[in-house]
Structure formats: structure tokens, C-alpha cells
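Given next are the chains, with one letter for each unit.
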Amino acid sequence: MKKLLLTGFEPFLDFPINPTEKIVNALDGKTVGNYEIIGHLLPVDFNLAPKKIVKEVAGKRPDAVISLGLAAGRTAITPERIAINCQDGEPDNSGVAPEDKLIEENGPDGYFSTLPIRRMVNRLKEAGYPAAISNTAGTYLCNNVMYSVLHLLKSTNTELPAGFVHIPASHALAAASKKGMASWSDADLQEAITLIIKELD
Ligand code: PCA
């Protein structure tokens, strides 16, 4: 049985709930398609999150890596096409707010996802879920984690499917938030991620 490292994030900024946490906790230890899932939650922390995921990949030696993040306001499940070598954004959960910084001094400008993102989107649409490829993962923690994993894999000549998928808010988050935002049920979010995992060879 192959192993999939599936990561999510803790709550951040003024979002009291991060729906990725629930998905990762629900799928941890389960088998989906050809993969046994190793769930891991990451802190929203520029210093810690990249180190933690790199340690997980190096230590657990998964056969695939899918990281999940909340993109509150998006209406669809959005596999990311590319991660860029940039850190810039609001203060993280430790108060660190980088501005126009590189993630890797000598790293390339960007890395493309090595997940089958087109197939994933098609599979979701066939099942009736809104889905689209996203061409920007932003410059916050999600982009950072995606870039760091792809950089590790490239620098160690390791070929495996790895990348990032942003998800919309859950109903619980939208109800708890003062901002209006599109939301999905936890059941649909989890089912959508399960379908994505089934597209991995
Ligand atoms: N979403 C943020 C960081 C944590 C999360 O779930 C992002 O899109 O960068």
C-alpha cells in the first residue's frame, strides 16, 4: 500500500475554524484509493510550517503529498498550478509578517505542482462539485509550504506527486465569521478531497 502525506492547517488570522483540520483528522489512518493516509496538521507560522512538512516528507517517505489550505471566499475546490519563491503577507500566528522575501535564496522563481491537477478538476466536476485550477496560491503560508516541499523533492531528485489544494470555507466557518463568504458542508469538502486522492496513480 502506498502512503499519502495529507496536511492541513490550524486556524489563522480572524478565521476561528480551519476546515482543512477536520478533513485531515477525519482521513488520517484511512485508506483511499491506493493510498494509506498519514494526516498532519501544520502551524500557520512562516518559520515552523516549512520545516515541519519537510521533516515529515523526509521522515515518513510518502509516495505522494497533498497539502490543503483554506481560501476563504473561493467558491470551488482549487488545485494550485504553481508555487512562487516569495513570502509576503499578514502576520502569521507568531506575529511574523515577511515582506517581499525569498523563500529560498538560491531557489528557482517557481515550481509547478506535480499532482494530476487537470484530472483532479475533471473528476470533481464529473461528480458535480465546482472545481478549477488556480494559477496563484498567493504568497502566504500555503504557497510557502507548497514551494518548500517541491524544492525539497527537486533538490533530492525525488519524483513523486506533490502539490497544494485550496478549499472554500465550511458552513461552520462562514456562520462564525463576520465576513460573508461562500461555504460548503464538511461532508462535501471531505468527499471532494477523497475524489482528488483517487486520481493519484
Ligand atoms: N490558508 C492560508 C494559510 C493557512 C490556510 O489554511 C493560505 O492560503 O496561505
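As recorded in an unreviewed UniProt entry, the protein chain goes by the name Pyroglutamyl-peptidase I, listed as coming from Cytobacillus firmus DS1. According to the UniProt record, the Subcellular location (unreviewed entry) comment for the protein chain is "Cytoplasm". According to the UniProt record, the Function (unreviewed entry) comment for the protein chain reads "Removes 5-oxoproline from various penultimate amino acid residues except L-proline."

A. Main features of the overall build of the protein chain. The number of helices and strands found in the protein chain is six helices and ten strands. Along the three orthogonal principal directions, the C-alpha set of the protein chain runs to about 40 × 40 × 30 Å. Here the protein chain, with 201 residues, has 51% of them falling under the buried criterion. Excluding contacts between residues fewer than 6 apart, the proportion of contacts in the protein chain whose partners are at least 24 apart in sequence is 78%. For the protein chain, the exposed surface amounts to about 9,200 Å²; the carbon and sulfur share of it is 49%. Within the protein chain, one finds 20 positive and 24 negative side-chain charges whose respective centroids are separated by 5 Å.

B. Region of interest: helix 3 (residues 117-126). Among the residues of helix 3, those classed as buried are I117, M120, V121 and L124. Buried positions in helix 3, seen along its axis, are confined to an arc of 95° and lie on one side of it. Those residues of helix 3 that are buried lie in contact with strand 4 (64-70), strand 5 (78-79) and helix 6 (186-198).

C. Molecular detail of the packing of helix 2 (residues 48-60) against helix 4 (residues 141-155). It is the contact of helix 2 with helix 4, at a shortest axis distance of 9 Å, that shows an interaxial angle of 40°. Crossing geometry of helix 2 relative to helix 4 is assigned as right-handed. Within the contact between the two elements, helix 2 uses A49, P50, I53, V54 and V57 and helix 4 uses L141, N144, V145, S148, V149, L152 and L153. The class makeup of the residues in the contact of helix 2 with helix 4 is ten nonpolar, two polar and no charged.

D. Geometry of the nonpolar core. Ranked by internal contacts, the top residues of the largest apolar core, which has 33 residues, are F9, I53, V57, V65, L141 and A162. With nine residues, helix 4 is the single largest residue contributor to this core. The contact partners of V57, leaving out residues within four places of it in the chain, are L5, P62, V65, L152 and L153. Residues V32, L124, I193 and I197 belong to the second largest nonpolar core, which totals 30 residues.

E. Region of interest: the state of the cysteines. For the structure shown, the criterion picks out zero disulfides. Note on C86: no disulfide assigned, nearest cysteine sulfur contributed by C142 at a separation of 14 Å. Relative accessible area serves as the criterion here: at 9%, C142 is assigned to the buried category.

F. Quick peek at the site of the ligand. The ligand sits among F9, F12, N18, V44, G69, L70, Y140, L141, C142 and H166. L70 places a main-chain nitrogen or oxygen 2.8 Å from an oxygen atom of the ligand. Side-chain polar atom of H166 to an oxygen atom of the ligand: 2.7 Å apart, as the coordinates give it. For the ligand, the accessible surface in isolation is 270 Å², of which the surrounding protein chains cover 94%. Comparing atom positions with the cavity grids shows the ligand to sit within the largest pocket. When contributions to the shell around the ligand are tallied by element, the ones reaching two or more residues are strand 4 and helix 4.

Analysis parameters
- Counting restarts for each chain: residues are numbered from 1 in the order of the written sequence.
- Local features in this predicted model are restricted to residues whose pLDDT is 70 or higher, and side-chain atom pairs enter the listing and the counts only when it is 80 or higher, whereas totals over whole chains, interfaces and linings include all residues.
- Hydrogens and waters are ignored; side-chain quantities use all the structure's heavy atoms.
- UniProt positions are given in the numbering used here, feature names are shortened, and annotations may be inferred rather than shown by experiment.
- Here a strand is any run of E in DSSP of at least two residues, a helix any run of H or I of at least four, and the numbering for each starts at the N terminus.
- Note on exposure labels: buried denotes an accessible area under 20% of the residue type's maximum, exposed denotes more than 50%, and partly exposed covers the range between, all computed with a 1.4 Å probe on protein chains only.
- Contacts: residue pairs with any heavy atoms within 4.5 Å of one another.
- The Shrake-Rupley method, run with a 1.4 Å probe sphere, supplies the accessible areas, and residue values consider only the shown protein chains as cover.
- Positive charges are assigned to Lys and Arg, negative charges to Asp and Glu, while His and the chain termini are left out of the count.
- By convention, the charge on Lys lies at NZ, on Arg at CZ, on Asp at CG and on Glu at CD.
- Regarding the arc, it is the one traced by the directions from the helix axis to the C-beta atoms.
- Only the stretch in contact is used when fitting a helix axis, every axis being a line fitted to C-alpha atoms; angles between N-to-C directions are given from 0 to 180 degrees.
- By the definition used in this description, the sense in which the near helix is turned from the far one sets the handedness, with an anticlockwise turn below a right angle giving left-handed and a clockwise turn giving right-handed.
- Residues are grouped as follows: Ala, Val, Leu, Ile, Met, Phe, Trp, Tyr, Cys and Pro are nonpolar; Asp, Glu, Lys and Arg are charged; every other residue, Gly included, is polar.
- In this text, buried Ala, Val, Leu, Ile, Met, Phe, Trp, Tyr and Cys residues form a nonpolar core when linked through side-chain atoms within 4.5 Å.
- Here, a disulfide means two cysteine sulfur atoms that sit within 2.5 Å of each other.
- Here, proximity means that at least one heavy atom of the residue falls within 4 Å of the molecule or strand.
- Residues adjacent in sequence count toward polar contacts only when both atoms are side-chain atoms; beyond that, a polar contact is any pair of N or O atoms within 3.5 Å, and within protein one must be able to donate a hydrogen and the other to accept it.
- Points on a 1 Å grid, built from protein atoms alone, make a cavity when a 1.4 Å probe fits but cannot get out and make a pocket when they are open with protein on both sides within 12 Å along at least 5 of 7 lines; residues with an atom within 4 Å of a point are the lining residues.
- Each molecule is assigned to a cavity or pocket provided more than half of its atoms lie within 2 Å of the corresponding grid points.

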